[in-house]
Amino acid sequence: MPHVMNTYGRLPIALSHGRGCRVWDTEGRRYLDGLGGIAVNTLGHAHPKLLAELTDQMGKLIHCSNYYENPLQEALGAKLAELSGLSAAFFCSTGLEANEAALKIARKFGHDQGIERPEVIVFEKAFHGRSIATLSATGNPKVQEGFGPLVEGFIRVPFNDIAALRAHSANRNITAVFLETIQGEGGINPARWDYLREVRALCDANGWLLMLDEVQCGIGRTGKWFAHQWAGIVPDVMPLAKGLGSGVPIGAVVVGPKALNVFGPGNHGTTFGGNPLSMRAGIATLKIMEEDGVMANAAAVGAHLKAALQRELSGLPGVKEVRGEGLMLGIELTRPCGVILTRAMEAGLLLSVTADTVVRLVPPLILTQDEADEIVSLLVPVIKTFLAEQSA
């Protein structure tokens, strides 16, 4: 595509349409979607209930300025507050923007307390986006390369290591701890639930904001509305995006009492964020998930898929681990496996490879058990063939 900037390593297919967990390319070939638009297509493709809601809204109002009140914003904000135990939301269009808003909250939270140079603790292998600020918070030198100087004010520590975090307790410039509940791009690395409880307690003891990036792992993907709920904690700031609109661009940063009044008029804003179409998509997504038991399905089918993959792959030379929660699963191999992306596609399965060595599965949350079995039947031979070639 000569008139599109060369920013993606694309596969040689173009998708035409989809139904449920299936998509077709422009040549008529059919694929099982194990990627879900990278954890975006919560309700799969062309879900009839979602289609009806969006069609109705498009006939009324797609966009209006944030100069005016928007009742759909209040409705979605109220629902997110109910589900999370938090207080209010700021709506934007992407996860990157939600994470930017969180970082601005952390800085202003510090300035409001008289901290001249606020600092935020971030983590190794983290990924929070590709803007200059979120890139600086990200823990991947490869995606940072060529974009220095990075933004200052970040302290990086190892993941799941409470002693490393506690070592910074005396630093009076720290205002927040910012982490993904389950690292996505970093290789499907879950925070341990006991570790999250310890981080929550440490933030409380030191007066820090706990900011949990649920952009990829939130909205029912793990079998709870938000992945941190497995640990029984509540954050102060929670960026969301991806699955919240089932494909319609939407982001949100949801805040609790400690961060509720950090922003005032003029401190932050957006042109497209919170427009009526995206709000209707978010409201409809959550409503359909509740009506159709989508979250329980993600938990049950995800557990079935994980067990099947572990049964077929665990113990094989070259397979390090099958891990994850719900329908956010990673298969870590002992060597770079980018070629599996193409080979799986040729076998009829869409997925991704992240962190060089991790096969990532984040399919629509409506995936059936039969479709999960089909993923196993398509993927396991691809992985076994790859590993056999590498060891020959």
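Here the structure is shown first, and the text comes after it.
Only a predicted model underlies this, so the values are computations on that prediction, with no experimental measurement involved.

Engineer: For this particular structure, what's the right way to read the overall build of the protein?
Structural biologist: In terms of helices and strands, the protein carries 12 helices and 17 strands. Taken over C-alpha atoms, the radius of gyration comes to 21 Å for the protein, in line with the 21 Å a tight globule of 392 residues would show. By its C-alpha atoms, the protein is 60 × 55 × 45 Å across when sized along the principal axes. Within the protein, buried positions represent 54% of all 392 residues. Sequence separation of at least 24 residues holds for 72% of the intrachain contacts in the protein that already meet a minimum separation of 6. Of the roughly 16900 Å² that the protein leaves accessible, carbon and sulfur atoms contribute 54%. Put simply, the protein has 35 plus and 39 minus side-chain charges, and the middle of one group is 2 Å from the middle of the other.

Engineer: Got a minute to help me understand a nonpolar patch on the surface in this structure?
Structural biologist: The grouping of I132, F147 and L150 at the surface amounts to a nonpolar patch, some 260 Å² of accessible area in total. Structurally, the position occupied by F147 is in the loop between α6 (141-144) and β6 (154-157).

Engineer: I tried to follow the packing of helix α11 (residues 339-347) against helix α12 (residues 369-391) on my own but got confused; where do I start?
Structural biologist: How two helices pack is summed up by the angle between their axes together with the distance between the axes. Following both chains from N to C, one finds α11 and α12 inclined at 140°, their axes separated by 10 Å at the closest point. The orientation of α11 with respect to α12, classified from their angle, is oblique. Like other packed secondary-structure pairs, α11 and α12 cross with a definite hand, here right-handed. Facing V339, I340, R343, A344 and A347 of α11, the residues of α12 in contact are L378, L379, V382, I383, T385, F386 and E389. Broken down by class, the residue content of the contact of α11 with α12 amounts to 9 nonpolar, 1 polar and 2 charged.

Engineer: Got a minute to help me understand the sheet that holds strand β16 (residues 352-354) in this structure?
Structural biologist: Strand pairing within a sheet occurs via backbone hydrogen bonds; the two strands may be parallel or antiparallel. The strand order across the open sheet built from 4 strands is β13-β14-β17-β16, with neighbouring strands paired in antiparallel fashion. Edge positions in the sheet fall to β13 (319-325) and β16, since each of these pairs with one other strand and no more. Pairwise comparison of adjacent strand axes, ignoring direction, gives a mean angle of 25° for this sheet.

Engineer: Before we go on, may I ask you to explain the environment of A308 in this structure?
Structural biologist: Along the chain, the position of A308 falls in helix α10 (residues 294-313). In the structure, A308 is positioned 125 residues away from Q183 in sequence and 23 Å away in space, judged by C-alpha atoms.

Engineer: Where do I start with the side chain of R200 in this structure?
Structural biologist: With respect to the element layout, R200 can be found in helix α8 (residues 193-206). Not counting chain neighbours up to four residues away, the residues in contact with R200 comprise W208, L210, I233, V234, P235, D236 and K258.

Engineer: For this particular structure, what's the right way to read the packing of aromatic side chains?
Structural biologist: Aromatic ring pairs are reported here in terms of the distance separating the ring centres and the angle at which the planes meet. Under the defined criterion, the tally for this structure stands at 3 aromatic pairs. Arranged with centres 6.3 Å apart and planes meeting at 90°, the rings of Y67 and Y68 form a pair that is edge-to-face. Under the relative-accessibility criterion, Y68 is labelled exposed at 53%. Ring plane angle 80° and centroid distance 6.0 Å describe the contact between F123 and F159, whose orientation is recorded as edge-to-face. Placement of the pair is F123 in strand β5 (residues 119-123) and F159 in the loop between β6 and α7 (162-166), with a sequence separation of 36 residues. Take F123: its relative accessible area is 1%, and that puts it in the buried class.

Engineer: Hey, could you run me through the pairing of strand β7 (residues 174-180) in this one?
Structural biologist: Looking down a regular strand, the side chains alternate between one sheet face and the other. With 7 of 7 residues buried, β7 lies mostly within the body of the structure. Here β5 runs beside β7; their pairing, made up of 3 bridges, is parallel. Bridge pairing links E119 to I174 in β7. Here β7 pairs with strand β10 (residues 209-213) via 5 bridges, running parallel. Across the sheet, residue V177 finds its bridge partner in β10, namely L210.

Engineer: What is the right way to read the pattern of salt bridges from this model?
Structural biologist: With the rule as written, the count across this model stands at 23 salt bridges. Residue E82 is joined to K79 by a salt bridge in which the shortest nitrogen-to-oxygen separation is 3.3 Å. Taken as a pair, E82 and K79 lie in helix α3 (residues 71-84) at a separation of 3 residues, close to a single helical turn. By relative accessible area, E82 is classed as exposed at 55%. Judged by its relative accessible area of 19%, K79 falls in the buried class. A salt bridge links R200 to D236, with the nearest nitrogen and oxygen atoms 2.9 Å apart. Placement of the pair is R200 in helix α8 and D236 in the loop between β10 and β11 (237-240), with a sequence separation of 36 residues. The same class applies to R200 as to D236, namely buried.

Engineer: In this structure, what is going on with the state of the cysteines? I would like to understand it.
Structural biologist: Think of a disulfide as a covalent bridge from one cysteine sulfur atom to another cysteine sulfur atom. In the structure shown here, the tally under the stated rule is 0 disulfides. Lacking any disulfide linkage, C217 is separated from the closest cysteine sulfur, that of C92, by 16 Å. We classify C217 as buried; its relative accessible area is 1%.

Engineer: Would you explain the pairing of β13 in this entry?
Structural biologist: Bridge count between β13 and strand β14 (residues 328-333): 6 bridges; the pairing is antiparallel. Looking across to β14, one finds that R323 is bridged to G330. The hairpin turn running from β13 into β14, its antiparallel successor, is 2 residues long, and G326 in that turn takes a positive phi close to 60°.

Engineer: How should I be thinking about the packing of α10 against α12 in this particular structure?
Structural biologist: The contact between α10 and α12 brings their axes to 10 Å, and the two run at 25°. The angle between α10 and α12 falls in the class roughly parallel. Every pair of crossing elements has a handedness; the one defined by α10 and α12 is right-handed. Mapping the contact onto sequence places V301, H304, L305, A308, L309, E312 and L313 in α10 and Q369, A372, D373, I375, V376, L379, V380, I383 and K384 in α12. A class-by-class count of the residues in the contact of α10 with α12 yields 11 nonpolar, 2 polar and 3 charged.

Reading guide: rules and limits
Each chain has its residues counted from 1, following the order in which its sequence is written. For this predicted model, a pLDDT threshold of at least 70 governs which residues receive local features, and a threshold of 80 or more governs which side-chain atom pairs are given and counted, while totals over whole chains, interfaces and linings are taken from all residues. Note that the side-chain values use all heavy atoms of the structure and ignore hydrogens as well as water. Here a strand is any run of E in DSSP of at least two residues, a helix any run of H or I of at least four, and the numbering for each starts at the N terminus. Here the radius of gyration uses the C-alpha set of atoms, whereas the globule reference equals 2.2 Å times the residue count to the power 0.38. To sort residues, take the accessible area from a 1.4 Å probe on protein chains only and compare it with the maximum for the residue type: under 20% means buried, over 50% means exposed, and anything in between is partly exposed. In what follows, residue pairs with any heavy atoms lying within 4.5 Å of each other are defined as contacts. Here the open area of atoms and residues is found with the Shrake-Rupley method and a 1.4 Å probe, where only the protein chains shown may cover a residue. In summary, the charge assignment counts Lys and Arg as positive and Asp and Glu as negative, without counting His or the chain termini. We put the charge of a Lys on NZ, of an Arg on CZ, of an Asp on CG and of a Glu on CD. Each patch is built from residues that are more than 30% exposed by relative accessible area and take part in no salt bridge. Like charges join if they lie within 9 Å; nonpolar side chains (Val, Leu, Ile, Met, Phe, Trp, Tyr) join within 5 Å. Salt bridge, as used here, is a side-chain nitrogen of Lys or Arg placed within 4 Å of a carboxyl oxygen of Asp or Glu. Interaxial angles span 0 to 180 degrees and are taken between N-to-C directions of axes, which are lines fitted to C-alpha atoms, for helices over the stretch in contact. Any angle between 65 and 115 degrees counts as roughly perpendicular, while under 35 counts as roughly parallel, over 145 as roughly antiparallel, and the rest as oblique. We call a crossing left-handed when the near helix sits turned anticlockwise from the far one by less than a right angle, and right-handed when that turn is clockwise. Residues are grouped as follows: nonpolar covers Ala, Val, Leu, Ile, Met, Phe, Trp, Tyr, Cys and Pro; charged covers Asp, Glu, Lys and Arg; every other residue, Gly included, is treated as polar. Strands qualify as paired when DSSP identifies two bridges or more between them. Between rings of Phe, Tyr and Trp, where Trp is taken as its six-membered ring, a pair exists when centres lie within 6.5 Å; planes separated by under 30 degrees are stacked, by over 60 edge-to-face, and by other angles tilted. For the purposes of this analysis, a disulfide is any pair of cysteine sulfur atoms at a distance within 2.5 Å.

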